[in-house]
Amino acid sequence: MSLIALSFLPIFIPFMLFLGGYSLGRENSQSIALKASRLSLVLLIIFLTTFPVSYFFTDAWQSSALIRHTALNQIMLGLVTVMGWVLISFSRHYMAGQANLNRYYRWLMFTLASVAITVTTNHLVVFWLGWLGISLSLNNLLTFYADRPRAILAAHKKFMLARVAELSLLAAFVLLYQQYDSLYINTIIDTAAAQFDAGVPLHWQAQVAACLIALAALIKCAQLPFHGWLIQVVESPTPVSSLLHAGVINLGGYLLLLFTPVVAQSSIAIWLLLLVAGLSTLASALIMTTRISVKVRLAWSTCAQMGLMLLEFALGLYELVLLHLLAHSFYKAYSFLNSGNAVNDAIRLRLSSAAKTSFQQAQTSNTVVPNAQTWLMAFSISLAVVIAIRSLFGFDGAFSAWWLFALALTVLIVQWRTCEHSPSIIYTIIMGGFLCVIYAALKQVMHYVLPSYSTLTVQAFSLADIWAMILFSLLFVLSALLHYQVRWRAVRRLSITLFAGLYLDEWLTRLVLKFWPVTLPARTKQQHHAKSTHQPSLKP
């Protein structure tokens with residue numbers, strides 16, 4: 001296949017998804033799921049067979065008018081294609097027997113097509129239309145079960161916040177067009193990077209545009225206090241939750257990566273990300289520990305992970321942003337699609353004789369609280385390993401990401417040392433070094449995928465880096481207290497407050513409903529009877 005033919009691949013995949021969604025949406029036959037599955041498989045095969053050539057010859061297509069041919073865009077298109085095949089194949093059995101299957105597959109394919117357009121276009125107008133198309137299509141999926149009040153309320157809040165993000169992005173694109181006199185993304189990015197290298201500061205229009213792009217990314221990634229809808233959309237079908245958490249919500253990170261030369265030059269935009277995303281990461285990670293429901297824990301985990309991804313961008317760790325985006329997509333897709341097996345796994349564990357004995361012992365015995373010597377030993381090993389590997393690979397820039405890895409490794413080593421059959425010190429050091437090498441190697445691989453913006457990186461132990469280290473240290477200390485010292489009165493109060501989600505979503509929900517009320521579906525007779533049976537009446 002010639003290079004010219006391959007250059008049309010980014011258009012072919014979203015076009016076929018749009019066409020397939022339109023066609024299947026008009027059908028009423030029992031073979032809708034089969035046709036959708038076959039189409040997704042064909043698109044996956046086409047992408048996989050052409051990806052090696054399209055990836056290594058991206059430089060020849062950089063000047064396309066409507067299509068942006070870079071390694072980043074090819075990887076994102078591949079992510080959309082793979083996720084589309086996985087979700088449609090899973091839906092074939094999961095959604096079997098459901099009513100309105102044609103509506104489900106139509107909006108699922110429209111959403112995937114809109115994402116594919118957004119991650120491949122080189123035109124600001126097309127990018128914004130694709131961004132809008134994602135939100136509108138996804139809203140129809142979130143309200144697939146129209147008789148669930150929580151799902152309708154969550155979709156209503158998501159709808160309003162999405163409009164704010166879209167208006168922010170539209171205003172940013174208008175300002176970028178006025179400043180750079182171009183609607184093409186590659187022209188804007190190249191000009192901004194060249195001006196920075198020449199020592200020309202950003203004009204006020206570009207500064208405001210950078211802040212608006214950062215705001216759109218924060219809303220898209222459901223950062224506090226704009227997070228409530230993400231926790232409540234678990235009322236939608238599991239494939240939709242997986243699509244949202246594994247794909248759509250990651251677009252905030254892609255948006256920042258795409259406009260790195262503009263956003264990274266604005267100190268206001270960077271500190272907006274550092275403050276909002278940093279505090280969201282801290283709060284969401286702690287709140288997640290108080291949740292029991294598998295899906296709700298995964299939703300809070302997504303909020304924390306997205307905050308960490310945005311924080312990594314603000315620290316100039318662009319290769320970590322891409323690595324985080326890809327790893328989070330596959331992990332969350334698997335976690336949500338496998339969430340239904342949690343009950344089966346628990347039953348299997350309890351039916352096992354050996355596991356049953358250990359489970360009973362765990363119920364009757366208290367959690368082993370590590371002493372100060374264990375914590376000090378684990379932290380010393382972790383910090384020594386991290387500093388050695390970082391020096392070996394020659395990494396520079398922000399140290400906070402390595403500090404976070406050292407703290408996470410400390411927790412892992414403490415768990416090893418407090419288990420019944422704890423490993424030796426030599427084994428602990430070797431395994432810690434091995435994990436750190438894997439982390440450094442993946443970081444190095446992602447570095448070759450993205451353009452080099454070494455001049456835009458944050459220096460180690462700068463104010464931004466120290467802020468991130470403080471947040472990570474606070475997360476480490478509070479997590480340890482919540483896990484090992486829950487009997488303390490202050491820790492119990494903190495746990496209660498975290499269980500309430502810091503009451504942030506209640507405030508936003510009241511504000512949204514006051515600005516734009518929504519009529520929720522009426523309860524069924526069964527629901528009303530259950531409520532009247534188990535709850536006392538509020539009437540005198």
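Residues numbered from 1 in each chain as written. Predicted model: local features only at pLDDT ≥ 70, side-chain atom pairs only at ≥ 80, totals over all residues. Heavy atoms only, no water.

Caption draft 1: View of helix α22 (residues 463–484). Taking 1.5 Å of rise per residue, 22 residues should cover 32 Å, and α22 covers 32 Å from first to last C-alpha, within 8% of that figure. Listed as buried for α22 are A464, D465, A468, M469, L471, F472, L475, L478, A480, L482 and Y484. Buried residues along α22 sit in contact with α14 (267–288), α15 (294–314), α19 (372–393), α20 (400–418) and α23 (489–499). (Helix = DSSP H or I, 4+ residues; strand = E, 2+ residues; numbered from the N terminus. Expected span 1.5 Å × (residues − 1). Buried < 20%, exposed > 50% of the residue type's maximum accessible area, 1.4 Å probe, protein only. Contact = heavy atoms within 4.5 Å.)

Caption draft 2: How the structure looks around the packing of aromatic side chains. As enumerated under the stated definition, the model contains 19 aromatic pairs in all. Considering the side-chain rings of F127 and F259, the 6.4 Å spacing of their centres and the 85° angle between planes classify their relative orientation as edge-to-face. In this pair, F127 sits in helix α6 (residues 124–142) while F259 sits in the loop between α12 (251–258) and α13 (260–263), placing the two residues 132 residues apart along the sequence. The two residues F127 and F259 agree in class, both being buried. Here F313 and Y318 contribute two aromatic rings whose centre-to-centre distance is 5.3 Å and whose plane-to-plane angle is 55°, an arrangement assigned as tilted. (Phe/Tyr/Trp six-rings, centres within 6.5 Å; stacked < 30°, edge-to-face > 60°.)

Caption draft 3: Geometry of the environment of V263. Checked against the element boundaries, V263 lands in helix α13. Take V263: its relative accessible area is 0%, and that puts it in the buried class. Counting along the chain gives 51 residues from V263 to A314, while the straight-line C-alpha distance between them is 9.1 Å. Once residues within four sequence positions are removed from consideration, V263 is found in contact with A210, I213, L256, A269, I270 and F313.

Caption draft 4: Representation of unusual backbone geometry. The step from L224 to P225 runs through a cis peptide bond, and the omega angle for that step is 5°. Residue position: P225 is located in the loop between α9 (204–220) and α10 (228–232). With a phi angle near 55°, D181 is a residue other than glycine that sits in the positive phi range. Counting through the fold element by element, D181 comes out in the loop between α7 (149–180) and α8 (185–197). The class for D181 is exposed, based on a relative accessible area of 62%. You will see that A222, though not glycine, has its phi angle at about 55°, which is positive.

Caption draft 5: Up close: the packing of helix α16 (residues 318–337) against helix α21 (residues 425–449). In contact at an axis separation of 8 Å, α16 and α21 are set at 105° when each is read in the N-to-C sense. Between α16 and α21, the interaxial angle falls into the category roughly perpendicular. Side by side, α16 and α21 meet where E319, L320, L322, L323 and L326 of the first sit next to Y439, L442, K443, M446, H447 and V449 of the second. Split into classes, the residues belonging to the contact of α16 with α21 amount to 8 nonpolar, 1 polar and 2 charged. (Axes fitted to C-alpha atoms, helices over the stretch in contact; angles between N-to-C directions. Parallel < 35°, antiparallel > 145°, perpendicular 65-115°, else oblique. Nonpolar A, V, L, I, M, F, W, Y, C, P; charged D, E, K, R; others polar.)

Caption draft 6: Expanded view of the packing of α6 against helix α11 (residues 238–246). It is at 10 Å that the axes of α6 and α11 come closest, and there the two elements cross at 150°. α11 is crossed by α6, and the crossing has left-handed handedness. Residue-level inspection shows L138, L141 and L142 of α6 in contact with α11, the latter providing V240, L243 and L244. Across the contact of α6 with α11, the residue classes break down as 6 nonpolar, no polar and no charged. (Left-handed = near helix turned anticlockwise from the far one by under 90°.)

Caption draft 7: Spotlight on a nonpolar patch on the surface. The grouping of I11, F15 and L19 at the surface amounts to a nonpolar patch, some 290 Å² of accessible area in total. In this fold, I11 is placed in helix α2 (residues 9–25). (Patch = residues over 30% accessible without salt bridge, like charges linked within 9 Å, V, L, I, M, F, W, Y side chains within 5 Å. Areas by Shrake-Rupley, 256 points an atom, 1.4 Å probe, with all protein chains shown as cover. Salt bridge = Lys/Arg side-chain N within 4 Å of Asp/Glu carboxyl O.)

Caption draft 8: Structural context of α12. In terms of burial, α12 is a largely internal element, 8 of the 8 residues being buried. Every buried residue of α12 is accounted for by L251, G252, G253, Y254, L255, L256, L257 and L258.

Caption draft 9: The environment of L412, seen in detail. With respect to the secondary-structure elements, L412 resides in helix α20. Between the C-alpha atoms of L412 and S382, which are 30 residues apart in sequence, the distance is 9.7 Å.

Caption draft 10: Region of the structure containing the environment of A36. Within the secondary structure, A36 is located in helix α3 (residues 32–56). The class of A36 is buried, set by a relative accessible area of 0%. The spatial distance from the C-alpha of A36 to the C-alpha of I88 is 6.8 Å, given a sequence separation of 52 residues. Every residue in contact with A36, bar those within four places of it in the chain, is listed here: L24, I88, Y105 and M109.

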